[in-house]
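Structural overview for review
The lines below spell out each chain.
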Amino acid sequence: MTKRGTPTGLAGILALDKPEGITSHDVVDVVRRVTGERRVGHAGTLDPLATGLLLVCVGPATRLSEYLMAGNKAYEARICFGKETTTDDREGETLRMAELPRELEDTAFITQLLQWMPGSMNQLPPAYSAIKKDGVVAYKAAREGKQLELEPRRVELFEAELLAIGADYWDLRLVVSKGFYVRSFARDLGRALDSAAHLGALRRTASGNTRIEQASVMQMSSLPFIDPVAALGFPSVEVSAAEAHGVTNGKPLTLRQENRPPVSARGLISIVHKDHFLAIYETVSKSSLAQPKVILPGGILRPSLSH
């Protein structure tokens, strides 16, 4: 049995289907208990109310979290009208009641509205959120009856699609940027329609390049690691054994002309050798030189390529 706190040698990204009623940190704790690995973290919080895709990084793969969280997210959301709550979802206390929108069942109006909505917007985060201001966490302050003055944040709504209409709700599919709060979206939508609204249910169906279809249920009888290169979505460069040795030591890499990929806007590339993902590098302008950003000691096995 692995001694508590001793590195296990495990490294990878898990795609899990989080059930309702537990926190993202609860999922991290389960993975720690099952694997014996202490270095575990999630890439993008899901509230207890929410279900769906949660990416969990194990071992050295925790170094990839910020890159995984930077991707767009897709959700299926139930927007319930007639009530606004303290948490902007169904678990909060009622702040105010309002008449249902006149256009609640007007499919043509809803379709046109959702076609108009995508774009950049300033969004005020929920009072009950994990955002910090002056070192104070918003939801902790809210629980103590203190209201932090949170600043609006610039976020992006890429797609909005109507899935279903109910007696007092809309089911929507949303594709959004990092930092977008669907709870805030529900609250603001209710106000825009001269009503009130809150988030009734939420399911994450995609995070970056990973889809819910790739996720495993929370049985944890096995470790369904996914391919980290595919999850990150950066162009990949295959290096030789000699180059791989330099990469593991954090040395700059001169890209050979024959294996230079089309580089993403951020200039980030995944470095691979055979069936292992070794590092994230960043290209230097238009030159053939690439500098290390994240080195993964021992590399991460690419499970989809290991059979």
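To be clear, the structure that these remarks concern was listed above.
What comes next is a walk through the structure.

Definitions and cut-offs
Numbers given to residues run from 1 along each chain, matching the order in which its sequence is written. Given that the model is predicted, a residue must reach a pLDDT of at least 70 before its local features are reported, and side-chain atom pairs must reach 80 or more before they are shown or counted; all residues, however, enter totals for whole chains, interfaces and linings. Hydrogens and water are ignored here; the side-chain numbers use all heavy atoms of the structure. Strands here mean DSSP runs of E at least two residues long; helices mean DSSP runs of H or I at least four residues long; both are numbered from the N terminus. The contact rule is simple, with two residues in contact once any of their heavy atoms fall within 4.5 Å. Paired rings are identified among Phe, Tyr and Trp, the last through its six-membered ring, by centres lying within 6.5 Å, and are further divided according to the angle between planes into stacked (under 30 degrees), edge-to-face (over 60) and tilted (the rest). Partly exposed residues are those whose accessible area sits between 20% and 50% of the maximum for their type, while under 20% is buried and over 50% is exposed, using a 1.4 Å probe and protein chains only. Strand pairing is defined by DSSP finding a minimum of two bridges between the two strands. Should a side-chain nitrogen of Lys or Arg be within 4 Å of a carboxyl oxygen of Asp or Glu, the pair is scored as a salt bridge. Helix axes are fitted only over the stretch in contact, all axes being lines through C-alpha atoms; the angle between N-to-C directions runs from 0 to 180 degrees. The directions considered for the arc are those from the helix axis to the C-beta atoms. Here a polar contact is recorded for every N or O atom pair within 3.5 Å, except that within protein the pair must consist of a potential hydrogen donor and a potential acceptor, and residues adjacent in sequence are included only if both atoms are side-chain atoms.

1. Remarks on the overall build of the chain
Along its length, the chain carries seven helices and 20 strands. Long-range pairs, those at least 24 residues apart, make up 68% of the contacts in the chain with a sequence separation of at least 6.

2. As for unusual backbone geometry
Of note in the backbone geometry, Asp 88 takes a positive phi value of approximately 65° without being a glycine. By the element assignment, Asp 88 lies in the loop between strand S5 (83-85) and strand S6 (94-97). Phi at Asp 194 is positive, roughly 55°, even though this residue is not glycine. As for its placement among the helices and strands, Asp 194 is situated in the loop between helix H5 (182-192) and strand S12 (197-207).

3. Digging into the packing of aromatic side chains
Under the criterion given, the structure shown has three aromatic pairs. Measuring from centroid to centroid gives 6.3 Å for Tyr 67 and Phe 234, while their planes differ by 90°, and the two rings are edge-to-face. Of this pair, Tyr 67 sits in helix H2 (residues 65-69) while Phe 234 sits in the loop between helix H6 (228-232) and strand S16 (236-238), placing them 167 residues apart in sequence. Here Tyr 67 falls in the buried class, since its relative accessible area comes to 9%. According to the relative accessible area criterion, Phe 234 is buried, its value standing at 11%. Relative to Trp 170, the ring of Phe 81 has its centre 4.9 Å away and its plane inclined at 70°; by these criteria the two rings are edge-to-face. Of the two residues, Phe 81 is situated in strand S4 (residues 73-81) and Trp 170 in strand S11 (residues 169-176); the sequence distance between them amounts to 89 residues. For the pair Phe 81 and Trp 170, one class covers both residues: buried.

4. Topic: the environment of Trp 116
Positionally, Trp 116 belongs in helix H3 (residues 107-116). Taking C-alpha positions, Trp 116 is 9.1 Å from Ala 160, a pair spaced 44 residues apart along the chain.

5. A look at the pairing of strand S20 (residues 289-301)
Alignment of strand S17 (residues 253-254) against S20, held across two bridges, turns out to be antiparallel. Note that in S20 the partner of Thr 254 across the bridge is Leu 289. Taken together, the seven bridges between strand S19 (residues 276-283) and S20 define a ladder with antiparallel strand orientation. Looking at S20, one finds that Thr 283 is bridged to Ala 290.

6. Topic: the pattern of salt bridges
Counted by the stated rule, this structure contains 15 salt bridges. A salt bridge links Asp 17 to Arg 203; the shortest N-O distance between them is 2.8 Å. In this pair, Asp 17 is assigned in strand S1 (residues 12-18) and Arg 203 in strand S12, connecting sequence segments 186 residues apart. Looking at Arg 203, the relative accessible area reads 26%, which means it is partly exposed.

7. A look at the sheet that holds S17
Sheet architecture is open: five strands sit in the order S16-S18-S19-S20-S17, paired in mixed fashion. Strand pairing shows two members of the sheet lacking a second neighbour, S16 and S17, which therefore form its edges. Contacting S17, strand S18 (268-273), S19 and S20, helix H7 (residues 241-248) runs over the sheet at an angle of about 70° to S19.

8. Comments concerning H7
Side chains three or four residues apart in an α-helix point the same way, a direct result of the helix having 3.6 residues per turn. Every buried residue of H7 is accounted for by Glu 243, Ala 244, Gly 246 and Val 247. The buried residues of H7 all sit within an arc of 160° when viewed along its axis, so they share a single face. Among the exposed residues of H7, those pointing more than 90 degrees away from its buried face are Ala 241, Ala 242 and His 245. Contacts made by the buried residues of H7 are with S17, S18, S19 and S20. Immediately downstream of H7, the backbone of Gly 250 shows phi near 75°, a positive value.

9. Things to note about the side chain of Ser 195
Structurally, Ser 195 can be placed in the loop between H5 and S12. One polar contact links the side chain of Ser 195 to the main-chain carbonyl oxygen of Glu 99, over a distance of 2.6 Å. The contact partners of Ser 195, leaving out residues within four places of it in the chain, are Phe 81, Gly 82, Arg 96, Ala 98, Glu 99, Leu 100, Pro 101 and Gly 190.

10. Thoughts on the environment of Arg 302
Mapping Arg 302 onto the fold places it in the segment after S20. Sequence spacing of Arg 302 and Val 272 is 30 residues, and the spatial spacing of their C-alpha atoms is 9.3 Å. When near neighbours in sequence (up to four residues on either side) are disregarded, Arg 302 contacts Asp 227, Pro 228, Val 229, Val 272, Asp 275, His 276 and Phe 277.

11. Quick word on the pairing of strand S3 (residues 51-58)
Burial analysis of S3 places eight of its eight residues in the buried class, which makes it a mostly covered element. Two elements, S1 and S3, share seven bridges in a ladder whose sense is antiparallel. Bridge pairing in S3 links Asp 17 to Leu 53. Looking at chain direction, strand S2 (residues 40-42) and S3 are connected through three bridges and run antiparallel. Bridge pairing in S3 links Val 40 to Val 58. As defined by bridge partners, S3 adjoins S12 across two bridges and the pair is classed as parallel.

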